[in-house]
Amino acid sequence: MILLTGGAGYIGSHTAVELIQAGYEVLIADNFYNSRPEVIDAIEKITGKRPEFEEMDVCAPVKVDALFHKYKVTAVIHFAGYKAVGESVEKPLMYYRNDLDSLITVLEAMKKYGVNRLIFSSSATVYGVPEAVPLIEGMPTGCTNPYGWTKYMSEQIIQDVCHAQPELSAVILRYFNPVGAHPSALIGEQPNGVPNNLMPYITQVASGIRPHLNVFGNDYDTPDGTGVRDYIHVVDIAKGHIAAVEYAMKNTGAEVINLGTGNGYSVLEMVKAFERVNKVKVPYKIAPRREGDIAECYADASKANRLLGWKAQYDLDTMCKDAWNWEQQLRKE
Ligand code: WQD
């Protein structure tokens, strides 16, 4: 049984769907801090199979121990964690406590119960301000906010534990910019409050919830002056986790792997693609740069292909279409 901590969240729920459809037994542990109970129903509706579910905080050692005692866990995908960059700057202790405590608690339970396969949800944010693009796994890392440092420190903790426990197999996945939603439009991104990320903000402008998009700076050293990112369909990210689980089952040691498409798109390219694909308008205004933003960030995705046999399949048009279908579904509720 594959344990997904935080498995009711955006990436976690899409991964649960792909795992179930690949024939795996899935157990989700989530406290609904940044997700909703309806997501479990949606996973069942998409796959025809309801995952096992425990509502809990994975920072609680007694509860995590009971979970490993109750279920035959064979691998863990650790999604659980806070992930808002801006909030992490305001509340660093909350982020370090939660994101590091949850990982250490899970690793201790894995050791006690002899569970030797871990997939960890990391982020391209650990590359900090890139010295060059595309970003390659061995390139220098260093963060610009506490959220990024929790990922950086978590990667270090996992690598140290793998060194001490040679039987452990850990795949650290550095996500670039996940966007879009499952084609069924039954699961997708549900940011609380005002979206921090570009795509959910665009979809809320297109649906009339927000008057316009603020483009955070058009004076970067990029082709059109706006920020360039490696947007990747959330279903591609989910499938990357299946490949990582299969790799972890056959190997030991720690591997860091980028999950990106290898293509960078600017903010304005994203806006134009969204308008073209969905035949909607996305009014925008040029606004000042957002603190902490970098000009350009996209992946060298060759290691994932070489090691996992995985490559992103969905193009930008599909990302825009699925994101819009999800937003329209949300507004119907
Ligand atoms: C993308 C581009 C903005 C909003 C963050 C985290 C990263 C990961 C993904 C968790 C940038 C521009 C955005 C808006 C804009 N999260 N933008 N107007 O900053 O690349 O990455 O989310 O793991 O860790 O750092 O993503 O979507 O916020 O921004 O112009 O209203 O869109 O300046 O160029 P980012 P983003």
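Description of the structure in this document. The structure presented is a predicted model; accordingly, all values stated were derived computationally and were not measured. (Residues numbered from 1 in each chain as written. Predicted model: local features only at pLDDT ≥ 70, side-chain atom pairs only at ≥ 80, totals over all residues. Heavy atoms only, no water.)

**Points about the sheet that holds strand β11 (residues 253-259)**
Right, so step 1: What the seven strands build is an open sheet, ordered β3-β2-β1-β4-β5-β6-β11; its pairing is parallel. Either end of the sheet is taken by a strand with one partner, and the two such strands are β3 (52-55) and β11. Strand-to-strand twist across the sheet, computed as the mean angle between neighbouring axes with direction ignored, equals 15°.
Right, so step 2: The pairing of strand β1 (residues 2-5) with strand β2 (residues 26-30) spans four bridges and is parallel. Note that in β2 the partner of isoleucine 2 across the bridge is valine 26.
Right, so step 3: Here helix α1 (residues 10-21) sits on the sheet in contact with β1, β2, β4 (75-78) and β6 (169-175), set at roughly 165° to β1.
Right, so step 4: Contacts from helix α6 (residues 146-164) reach β5 (117-123), β6 and β11 within the one sheet, and its direction differs from that of β5 by about 155°. (Pairing = 2+ DSSP bridges. Helix = DSSP H or I, 4+ residues; strand = E, 2+ residues; numbered from the N terminus. Axes fitted to C-alpha atoms, helices over the stretch in contact; angles between N-to-C directions. Contact = heavy atoms within 4.5 Å.)

**Points about the packing of aromatic side chains**
The description of two aromatic rings rests on the distance between their centres and on the angle between their planes.
Right, so step 1: Applying the stated criterion to the full structure yields seven aromatic pairs.
Right, so step 2: Geometrically, the ring pair formed by tyrosine 127 and phenylalanine 176 is tilted, given 6.4 Å between the ring centres and 35° between the ring planes. Separated by 49 residues along the polypeptide, tyrosine 127 in the loop between β5 and α6 and phenylalanine 176 in the loop between β6 and β7 (177-179) bring together distant segments of the chain.
Right, so step 3: Judged by relative accessible area, tyrosine 127 falls into the buried class, the value being 3%.
Right, so step 4: Here the aromatic cluster, defined as three or more aromatic residues joined through ring pairs, consists of Tyr33, Tyr82 and Tyr95.
Right, so step 5: Lying across the ring of tyrosine 201, arginine 210 places its NZ or CZ 5.9 Å from the centre.
Right, so step 6: The residue whose ring lies beneath arginine 289 is tyrosine 220, and the NZ or CZ to ring-centre distance is 4.0 Å. (Phe/Tyr/Trp six-rings, centres within 6.5 Å; stacked < 30°, edge-to-face > 60°. Buried < 20%, exposed > 50% of the residue type's maximum accessible area, 1.4 Å probe, protein only. Lys NZ or Arg CZ within 6 Å of the ring centre and 35° of its normal.)

**Notes on the layout of surface pockets**
Right, so step 1: There is about 190 Å³ of room inside the second largest pocket.
Right, so step 2: For the second largest pocket, the lining is made up of 16 residues, of which Glu189, Pro191, Trp326, Glu327 and Leu330 are closest to its centre.
Right, so step 3: Where the lining of the second largest pocket is concerned, the elements lending two or more residues are α7 (198-206) and α11 (316-332).
Right, so step 4: If one sorts the elements of the lining of the second largest pocket by residue count, α11 sits on top with five residues.
Right, so step 5: Of the residues that constitute the lining of the second largest pocket, the class distribution is eight nonpolar, four polar and four charged. (1 Å grid on protein atoms, 1.4 Å probe; cavity = no way out; pocket = protein on both sides within 12 Å on 5 of 7 lines; lining within 4 Å. Points joined across faces, edges and corners; volume = space filled by probe spheres on them. Nonpolar A, V, L, I, M, F, W, Y, C, P; charged D, E, K, R; others polar.)

**What to know about the packing of helix α5 (residues 92-113) against α6**
Right, so step 1: The N-to-C vectors of α5 and α6 enclose an angle of 20°; their axes lie 10 Å apart at closest approach. When the axes of α5 and α6 are compared, the pair comes out roughly parallel. The hand of the α5/α6 crossing is right-handed. Contact residues: Pro92, Tyr95, Tyr96, Asp99, Leu100, Leu103, Ile104 and Leu107 in α5; Pro146, Tyr147, Trp149, Thr150, Met153, Ser154, Ile157, Ile158 and Val161 in α6.
Right, so step 2: Looking at the contact of α5 with α6, its residues break down into 14 nonpolar, two polar and one charged. (Parallel < 35°, antiparallel > 145°, perpendicular 65-115°, else oblique. Left-handed = near helix turned anticlockwise from the far one by under 90°.)

**Quick look at the packing of helix α3 (residues 61-70) against α5**
Right, so step 1: Packing of α3 against α5 leaves a shortest axis separation of 10 Å and a crossing angle of 40°. Here the hand of the crossing between α3 and α5 comes out right-handed. Touching Pro61, Val64, Asp65, Phe68 and His69 of α3 are Thr105, Val106, Ala109, Met110, Lys112 and Tyr113, all from α5.
Right, so step 2: Classifying every residue of the contact of α3 with α5 gives seven nonpolar, two polar and two charged.

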